[in-house]
Amino acid sequence: MIELSGIRKSYQSPGGGTVKALDGVSLNIGKGDIYGVIGYSGAGKSTLVRCVNFLETPDEGRVTIDGFGAFESRNGKLFFTPEGESTQRAAGEADLRRLRRGVGMIFQHFNLLDRSTVFENVAYPLKHTGRSEAEIEKRVLELLDLVELSDKVDNYPSQLSGGQKQRVAIARALANDPKILLSDEATSALDPDVTESILSLLKSLNKKLGLTIIMITHEMAVIKSICTRVAVMEQGRVVEEGSVYDVFSSPREVITRRFVAATSGLGNLGKLISGKSPLVKAAPDNQLVNLTFGRECVAEALISQASRKFEVNLSIVLANVDLLQDSPLGFTVVMAQGKPENIAAALDYLRASGVRVEVIDDGRNL
Ligand SMILES: Nc1ncnc2c1ncn2[C@@H]1O[C@H](COP(=O)(O)OP(=O)(O)O)[C@@H](O)[C@H]1O
Ligand SMILES: [Mg+2]
């Protein structure tokens, strides 16, 4: 649906140097995906998403979008090859206008027109599209129904809660029936329960309208809740990418592990360890081990089997089960107590059964 290839973008920093906001990003986003892009502040996420609808022009790189064609930037100059054609030409304002109508966008701070009513805000992108007043009214009411705000038609943004404002922004973004929605930290200014309701609205729009969504966020909980795939960004690069389940069950990069730990309850482990809690202090010959159970293995049975077979005590320090795209993923931290060779054999047995085994403390560190 959207293919990004070799996207680069640098800015002059006020100090005089240059900042590589995007340092060669390539991504492939499938039709109907809710594609998450996560990273800390400054990673380049907003710049990336703004390069999809050309609010920013990349310095270099190609953006191919189904239903439109291929945009290619060379040295900051933008070229366009319409879908189904083979000749490239300079991209014009009309090409960009058409693209932006087909790609909706929502923001952290909603960006509503404060002096306009809910109706006027949603009607705004429908102006100058050749529709009659009556058609515009019908469409606006339809959109407000879709986001469950029919009773707020004549309200002003200042009379709405944060969640309601974001619903207005979503209705406005969908006005021209785009196939793609870009969401830049759309839930970051909202309370957790409101976040939940906006995320479930986005998920239902994804299903109902076949909408492809790019979700920019710094919160792993958002990714976990609705995304199908995720890319992890750091310093202008994508450092890890995959299905949300795979990335959660076997994160490779340090930054990804940190994001995963923060939402899996394993974040507490860091506190326990650094606080030298006796619960997690591995005595000599004991090992503190993090076990990740994917959808193929059942936590409890394997732990007790390993314990019995190899005469090892496996006491559970922390345990948590997540549901990702309806598949369970279990995180269990155990203290393994027994003869070193027995512990090693028990851990091998767990590995062979499909459990990801990570020794956090082998008893020699503390
Ligand atoms: N218009 C701009 N001018 C100068 N620097 C910018 C501009 N936009 C972004 N940057 C810089 O580019 C980097 C990436 O920014 P951004 O894409 O906003 O990151 P994120 O959305 O992940 O927080 C940051 O170092 C930021 O300061
Ligand atoms: Mg940002």
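Refer to the preceding data block for the structure.
> Kindly report on the packing of helix H5 (residues 162-173) against helix H6 (residues 192-209), identifying the contributing residues and their values.
Packed helices, taken two at a time, are described by their axes: the angle between them and the distance between them. One way to put it is that H5 packs onto H6 with a least axis distance of 10 Å and a crossing angle of 20°. One element, H5, and the other, H6, form an angle in the roughly parallel class. Regarding H5 and H6, the two cross each other, and that crossing is right-handed. Side by side, H5 and H6 meet where Gly163, Gln166, Arg167 and Ile170 of the first sit next to Val194, Ser197, Ile198, Leu201, Leu202 and Leu205 of the second.

> Describe the sheet that holds strand E2 (residues 18-29), with residues and values.
Consider a sheet: its strands pair through backbone hydrogen bonds, and that pairing is either parallel or antiparallel. The antiparallel open sheet is built from six strands, whose spatial order is E2-E1-E4-E5-E6-E7. Whereas interior strands pair on both sides, the edge strands pair on one side only; in this sheet they are E2 and strand E7 (89-90). Of the strand pairs in this sheet, strand E1 (residues 2-12) and E2 are connected by nine bridges, and their pairing is antiparallel. Following the sheet pairing, Lys9 is matched in E2 by Leu22. Its contacts with the sheet place helix H2 (residues 93-102) against strand E4 (60-65), strand E5 (69-74), strand E6 (77-82) and E7, and it is angled at close to 125° to E5.

> Any details on the site of ligand 1? Residues and values, ideally.
Close to ligand 1 lie Tyr11, Gln12, Val19, Ala21, Tyr40, Ser41, Gly42, Ala43, Gly44, Lys45, Ser46 and Thr47. Isolated, ligand 1 exposes 570 Å² of accessible area, and the fraction of that covered by the protein chains is 62%. Every element with two or more residues in the shell around ligand 1 is listed here: E1, E2 and helix H1 (45-50). Counting residues per element, the shell around ligand 1 draws most heavily on H1, at three residues. Split by residue class, the shell around ligand 1 holds five nonpolar, six polar and one charged.

> Go over the sheet that holds strand E13 (residues 286-293), please, and point to the residues and values.
Here four strands make up an open sheet; going across it, the order is E14-E15-E13-E16 and the pairing antiparallel. Both outer strands of the open sheet, strand E14 (313-324) and strand E16 (356-361), are each paired with one neighbouring strand and no more. Ignoring strand direction, the axes of neighbouring strands in this sheet form an average angle of 20°. In terms of strand pairing, E13 meets E16 through five bridges, oriented antiparallel. Residue pairing across strands places Asn290 opposite Glu358, the latter belonging to E16. Across the sheet, helix H9 (residues 254-264) lies against E14, strand E15 (327-337) and E16, angled at about 95° from E14, the strand it touches most.

> Give a detailed account of the pairing of E6, specifying residues and quantitative values.
Among the six residues in E6, five count as buried, and that is most of the element. Pairing geometry for E5 and E6, over six bridges, is antiparallel. Residue pairing across strands places Ser73 opposite Leu78, the latter belonging to E6. Where E5 folds back on E6, the antiparallel hairpin that results is connected by two residues, among which Asn75 adopts a positive phi of roughly 60°. Where E6 lies against E7, two bridges are found, and the strand directions are antiparallel. In the sheet register, Phe80 faces E7, and the bridge partner there is Arg89. Between E6 and E7, which follow one another and run antiparallel, lie six residues, and Gly84 among them has a positive phi close to 85°.

> Mind laying out unusual backbone geometry, listing which residues take part and the relevant values?
For Asn111, which is not a glycine, the phi torsion comes out positive at approximately 50°. Tracing the sequence through the fold places Asn111 in the loop between strand E8 (103-107) and helix H3 (118-123). Positioned with a positive phi, Glu148 is a non-glycine residue whose angle comes to about 60°. Along the polypeptide, Glu148 turns up in the loop between helix H4 (133-146) and H5.

Each value, and the rule that gives it
In this convention, every chain numbers its residues from 1, walking through the sequence in written order. Ligands are numbered from 1 and chains lettered from A, in the order in which they are written. Whole-chain, interface and lining totals are the exception, using all residues; otherwise, since this is a predicted model, local features are given only for residues with pLDDT of at least 70 and side-chain atom pairs are given and counted only at 80 or more. Computation of side-chain values: all heavy atoms of the structure, hydrogens and water removed. Axes here refer to lines fitted to C-alpha atoms; in helices the fit is confined to the stretch in contact. Angles between the N-to-C directions go from 0 to 180 degrees. Labels follow the DSSP assignment, with helices taken as runs of H or I lasting at least four residues and strands as runs of E lasting at least two, numbered in each case from the N terminus. Oblique is the label for every angle not falling under 35 degrees (roughly parallel), over 145 degrees (roughly antiparallel), or within 65 to 115 degrees (roughly perpendicular). Left-handed describes a crossing whose near helix is turned anticlockwise from the far helix through less than a right angle; right-handed describes the clockwise counterpart. Only heavy atoms enter the contact rule, under which two residues are in contact if any of them lie within 4.5 Å. Paired strands are those between which DSSP finds at least two bridges. Nearness is defined per residue: one heavy atom within 4 Å of the molecule or strand is enough. What sets the accessible areas is the Shrake-Rupley method with a 1.4 Å probe; for residues, cover comes only from the shown protein chains. Residues are grouped as follows: Ala, Val, Leu, Ile, Met, Phe, Trp, Tyr, Cys and Pro are nonpolar; Asp, Glu, Lys and Arg are charged; all remaining types, including Gly, are polar. Type-normalised accessible area, obtained with a 1.4 Å probe on protein chains alone, sets the label of each residue: buried when under 20%, exposed when over 50%, and partly exposed for intermediate values.

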